[in-house]
Amino acid sequence: MEIHLNRVDYIQVGVTSQKTMRLLPALGKKATQKVAVADHDGILTCFGMKKGEAVPVFKTLPGQKIARLDLGGAAGTPQEKIFVCSGSHVRGFTKKGKQFLTFEANLTESINAMHVSGADLFVCASYIFNHYCDCKDQHYYLSGDKINDISCLSSENLSRPVLACQDRVLRVLQGSELAYDIEVPGPPSVLELYNKDGGEEVLYGTTDGKIGLVQIGESTAATKWEIDNDKKKGGILCIDTYDIMGDGVNDILVGRDDGTVEVFGFDSSSEPTLRFEHVLSESVTSIQGGCVGKESYDEVLTATYTGWVTGLTTEPQKAEAGPGDEVKMSKEIQSKVEALRAELEQLQVKVLQGREQYQQTSQSSTAVSAVPVFSINDKFTLCQDDASYSLTLEVQTAIDNLLLQSDVPIDLLDVDKNSAVVSFSECDSEPNGNFLLATYRCQANTTRLELKVRSIEGQYGTLQAYITPRLQPKTCQVRQYQIKPLSLHQRTHSIDQERPMNRLSLVGQFSFAEIHSWVVFCLPEVPEKTPAGESITFYFHNTFLGTQLEATYCKGEGHFKSDNISTISILNDVLSKEATKRKINLNISYDINDDSVSHTLKMIHPKLQYQLLLARKVQLIDALKELQVHEGNADFLIAEYRNILDESANLLEEYKKQPAHLERLYGMITDLFIDKFKFKGQNVKTKVSSLLEILDNYDLNSLLDFFNDA
């Protein structure tokens, strides 16, 4: 069953954060609902629709940036009181706009997640969870990693908070204690109760675009289903449940950070299936199901990053007419068109006046030029599927150009969604350590840009993005992103202990906080805050090769295990350098397992074989095309060559998408060879040329023999 929804734009407020737009409960069965939306200017706006126009109910004065908005009210009554949090304050407003609550949570950090349930208020800041009842402190919990969102299962006498934490875990609390945790397939960014009237089921969305439903029990949880992100869409920012299909079952509404809005319905097997998809030009920060524009017509309401409140409504927006038919506009539509024309003329006059005023002030000798302030929403994340970093930049006005500069060697990969024109500049890498200078010139009205880069493990430094929007006077903001020594490693819940492992042990006069700061410097996805307790263990896997790493450390000692010698070698170099900087004497010991080298080579083998075959096929394409033109057809060719010709477009596209992939694999094998003998105290750099000859005529057995005989 398909569904057709039509887009309607209502109003625009300031830049919005995640989950800052809600629909107030309807007064009648099919009546329209009021919309409450809060923005970074600290303004809470509540509006309703009358005769197709957005009519404000109330609007608060500007203030500190509002991070979250939630609805609450006494248990058993309509949830129509509006709660907003900004900084460490929580304020409450009635549906008419009267402020009835100001509460200072006494937190050192700003609140970034909030949930209201009856007299209970649950707030989270970075690592801290607090539960207040009637504004009195009840419970407190310190999480092991950053808290991204909170939801709460409430029954008559018991509330069970669920925290979505950055380390790919949902933590279920009982009072101030951790009851248990649930492992999820990606860092969870948003939580939503599946049934708003209660129940034990919680929906979660992850930053890498996966969605799941978990049933939370007393002491354990069960995953009901998971939806993978096969089509590589954006991360999930907001989820809601509402029966938009009208089949009596709640559908799941999803908003993603690449602007995709999705509706998932349920078939007879209770498995979610995609029923509707629409792409907006910017990230969707909030999503709600309800009735806003016209009574009796349900819609999906969204709020985007730059503050547009947009509806996807079931109300038909266009009438079809055949040849010779007369199309009559209703009075309502005529007045709407006239109002829009008048508004457009007013705006054009305003723009002209503004330009004239700017010209006059720019020529004045006394006027002072002020730099315009603009906000940027940026995300730098490791993509597990292709072992690359995705850099997403979103600006509230159109981007003019973007300059990327890096002091470490990185590859820029092709992104289908990216329509910007890229040009590279010559770099003097030796004296200045400048390895990349690339400029992206954006097309008109581009507010969101997505780039992909791949780093080399062992080479670490900074990637800088200089963002220039289309503003006068010309202004630019710089954002910096750290490329870590083991940048292609990703946190995981467990590793295979059966693999042949190499060990690195450090002993010295260092504190738990010091060694933790070194691990944070080396590896991504490690919380910056020193963990509670005496010691900690983290597990990682390499997204490019599939090798793994276990890091266990405490005050005075650290133990690292990996099936890849190069990983151990990089850790050894970086950790000893960091300790030397702080004048700490380290006692380093290692235990190298020779079997791990052949194990790693066997893991590289399928990737290397595939890339060599791809390169060989791409080399043949031009010659085969020439033969085809010369002979008039390709029937005389053997099946394998005909297949290469048929697939030529896909092969070239794949080859173009992965520049230097083969060189990266050659580099990893060369590093493995050098590192194997480095730990034995031998320098084999003179034999590298022989190794490259073997790689050019690649055969796994001859490569293994070369490693063993060298």
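Residues numbered from 1 in each chain as written. Predicted model: local features only at pLDDT ≥ 70, side-chain atom pairs only at ≥ 80, totals over all residues. Heavy atoms only, no water.

Peer 1: Can you break down the overall build of the protein chain residue by residue, with the values?
Peer 2: From N to C terminus, the protein chain includes 10 helices and 43 strands. Computed over its C-alpha atoms, the radius of gyration of the protein chain comes to 29 Å, within 12% of the 27 Å expected for a compact globule of 710 residues. Here the C-alpha coordinates of the protein chain stretch approximately 85 × 75 × 75 Å along the principal axes. Buried residues in the protein chain amount to 50% of all 710 residues. Within the protein chain, counting contacts between residues at least 6 apart in sequence, those at least 24 apart form 56% of the total. When the accessible surface of the protein chain is summed, it comes to about 34,900 Å², and 48% of that surface belongs to carbon and sulfur atoms. In the protein chain, 71 positive and 96 negative side-chain charges are present, and the distance between their average locations comes to 5 Å. (Helix = DSSP H or I, 4+ residues; strand = E, 2+ residues; numbered from the N terminus. Rg over C-alpha atoms; globule rule 2.2 N^0.38 Å. Buried < 20%, exposed > 50% of the residue type's maximum accessible area, 1.4 Å probe, protein only. Contact = heavy atoms within 4.5 Å. Areas by Shrake-Rupley, 256 points an atom, 1.4 Å probe, with all protein chains shown as cover. Lys, Arg positive; Asp, Glu negative; His and termini not counted. Charge placed at Lys NZ, Arg CZ, Asp CG, Glu CD.)

Peer 1: Mind laying out helix α4 (residues 565-581), listing which residues take part and the relevant values?
Peer 2: In this model α4 runs 25 Å from its N-terminal to its C-terminal C-alpha over 17 residues, within 8% of the 24 Å that 1.5 Å per residue would give. Three or more residues of α4 are buried, namely Ile565, Ser566, Thr567, Ile568, Ser569, Ile570, Leu571, Asn572, Val574, Leu575, Glu578 and Ala579. The N-cap of α4, judged by a side-chain oxygen 3.0 Å from the amide nitrogen of serine 566 a few residues on, is asparagine 564. Directly after α4, the chain includes lysine 583, whose backbone phi takes a positive value near 55°. (Expected span 1.5 Å × (residues − 1). Polar contact = N/O pair within 3.5 Å; in protein donor to acceptor, adjacent residues only side chain to side chain.)

Peer 1: Would you mind going over the pattern of salt bridges in detail, with residue names and values included?
Peer 2: Within this structure, the stated rule accounts for 32 salt bridges. With a shortest N-O distance of 3.2 Å, arginine 7 and aspartate 9 are connected by a salt bridge. Arginine 7 gets classed as partly exposed once you look at its relative accessible area, which sits at 43%. Among the ionic pairs, aspartate 385 bridges to lysine 232, the shortest N-O distance being 3.9 Å. One end of the pair, aspartate 385, is in the loop between β29 (376-383) and β30 (388-395); the other, lysine 232, is in the loop between β21 (221-227) and β22 (236-242), with 153 residues separating them in the sequence. Here the salt bridges do not stand alone but share partners, grouping Lys19, Arg68, Asp149 and Glu192 into one network. (Salt bridge = Lys/Arg side-chain N within 4 Å of Asp/Glu carboxyl O.)

Peer 1: Break down the sheet that holds strand β20 (residues 211-216) for me, with residues and values.
Peer 2: Overall, antiparallel pairing links the four strands, which are arranged β18-β19-β20-β21 in an open sheet. A single partner strand is all that each edge strand has here, and the edge strands are β18 (188-193) and β21. Sheet twist, expressed as the mean angle between neighbouring strand axes with direction ignored, is 25°. As judged from the six bridges shared by β20 and β21, these two strands associate in the antiparallel manner. Of the residues in β21, the one forming a bridge with glutamine 215 is alanine 222. (Pairing = 2+ DSSP bridges. Axes fitted to C-alpha atoms, helices over the stretch in contact; angles between N-to-C directions.)

Peer 1: Please provide a residue-by-residue account of the packing of aromatic side chains, values included.
Peer 2: For the structure shown, the criterion picks out 17 aromatic pairs. Relative to tyrosine 389, the ring of phenylalanine 380 lies with its centre 4.8 Å away and its plane at 15°, an arrangement referred to as stacked. Here the aromatic cluster, defined as three or more aromatic residues joined through ring pairs, consists of Phe512, Phe538, Phe540 and Tyr553. Note that lysine 529 overlies the ring of tyrosine 127, its terminal NZ or CZ placed 5.1 Å from the centroid. The aromatic ring of phenylalanine 521 is capped on one face by lysine 581, whose charged end is 6.0 Å from the ring centroid. (Phe/Tyr/Trp six-rings, centres within 6.5 Å; stacked < 30°, edge-to-face > 60°. Lys NZ or Arg CZ within 6 Å of the ring centre and 35° of its normal.)

Peer 1: Run through the packing of helix α5 (residues 595-631) against helix α8 (residues 661-678), naming residues and quoting values.
Peer 2: For any two helices packed against each other, one specifies the inter-axial angle together with the distance between the axes. Where α5 meets α8, the axes come as close as 9 Å, and the angle between the chain directions of the two elements is 155°. Compared by their axis directions, α5 and α8 come out roughly antiparallel. Crossing geometry of α5 relative to α8 is assigned as left-handed. Here α5 contributes Val597, Thr600, Leu601, Ile604, Lys607, Leu608, Gln611, Leu612 and Ala615 to the contact with α8, which in turn contributes His661, Leu662, Leu665, Tyr666, Ile669, Leu672 and Lys676. Tallied by class, the residues present in the contact of α5 with α8 amount to 11 nonpolar, three polar and two charged. (Parallel < 35°, antiparallel > 145°, perpendicular 65-115°, else oblique. Left-handed = near helix turned anticlockwise from the far one by under 90°. Nonpolar A, V, L, I, M, F, W, Y, C, P; charged D, E, K, R; others polar.)

Peer 1: Can you break down unusual backbone geometry residue by residue, with the values?
Peer 2: In this structure, cysteine 135 takes a positive phi of about 65° despite not being glycine. Checked against the element boundaries, cysteine 135 lands in the loop between β12 (128-133) and β13 (136-142). Backbone geometry places alanine 387, a non-glycine residue, at a positive phi of 50°. Residue placement: alanine 387 occurs in the loop between β29 and β30. On the accessibility criterion, alanine 387 (1% relative accessible area) is buried.

Peer 1: Break down the nonpolar core for me, with residues and values.
Peer 2: Grouped together as the largest cluster of nonpolar side chains are 84 residues, with contacts concentrated most on Leu404, Phe560, Leu608, Ile669 and Phe707. Sorting elements by how many residues they give to this core places α8 first, with eight residues. Sequence-distant contacts of isoleucine 669, that is, excluding residues within four places in its chain, are made with Leu601, Ile604, Leu608, Leu691, Leu695, Leu703 and Phe707. Grouped together as the second largest cluster of nonpolar side chains are 16 residues, Cys85, Leu101, Leu107 and Val123 included. (Core = buried A, V, L, I, M, F, W, Y, C linked by side-chain atoms within 4.5 Å.)

Peer 1: Describe the sheet that holds strand β10 (residues 113-117), naming the residues involved and giving the relevant values.
Peer 2: One open sheet accounts for four strands, arranged β10-β11-β12-β13; its pairing is antiparallel. Pairing within the sheet leaves two strands with one partner each, and these edge strands are β10 and β13. Across this sheet, the average inter-strand angle for adjacent strands is 15°, counted without regard to direction. Across five bridges, β10 lies against strand β11 (residues 120-125) in antiparallel orientation. What sits directly across from histidine 115, in β11, is phenylalanine 122.

Peer 1: Please provide a residue-by-residue account of the pairing of strand β42 (residues 557-562), values included.
Peer 2: As paired elements, strand β39 (residues 502-508) and β42 share six bridges and run antiparallel to each other. Note on β42: the bridge partner recorded for arginine 503 is lysine 561. Where strand β41 (residues 548-554) lies against β42, six bridges are found, and the strand directions are antiparallel. Following the sheet pairing, glutamate 550 is matched in β42 by lysine 561. Hairpin connection, β41 to β42: the antiparallel pair is bridged by two residues, and glycine 556 has positive phi, about 90°.

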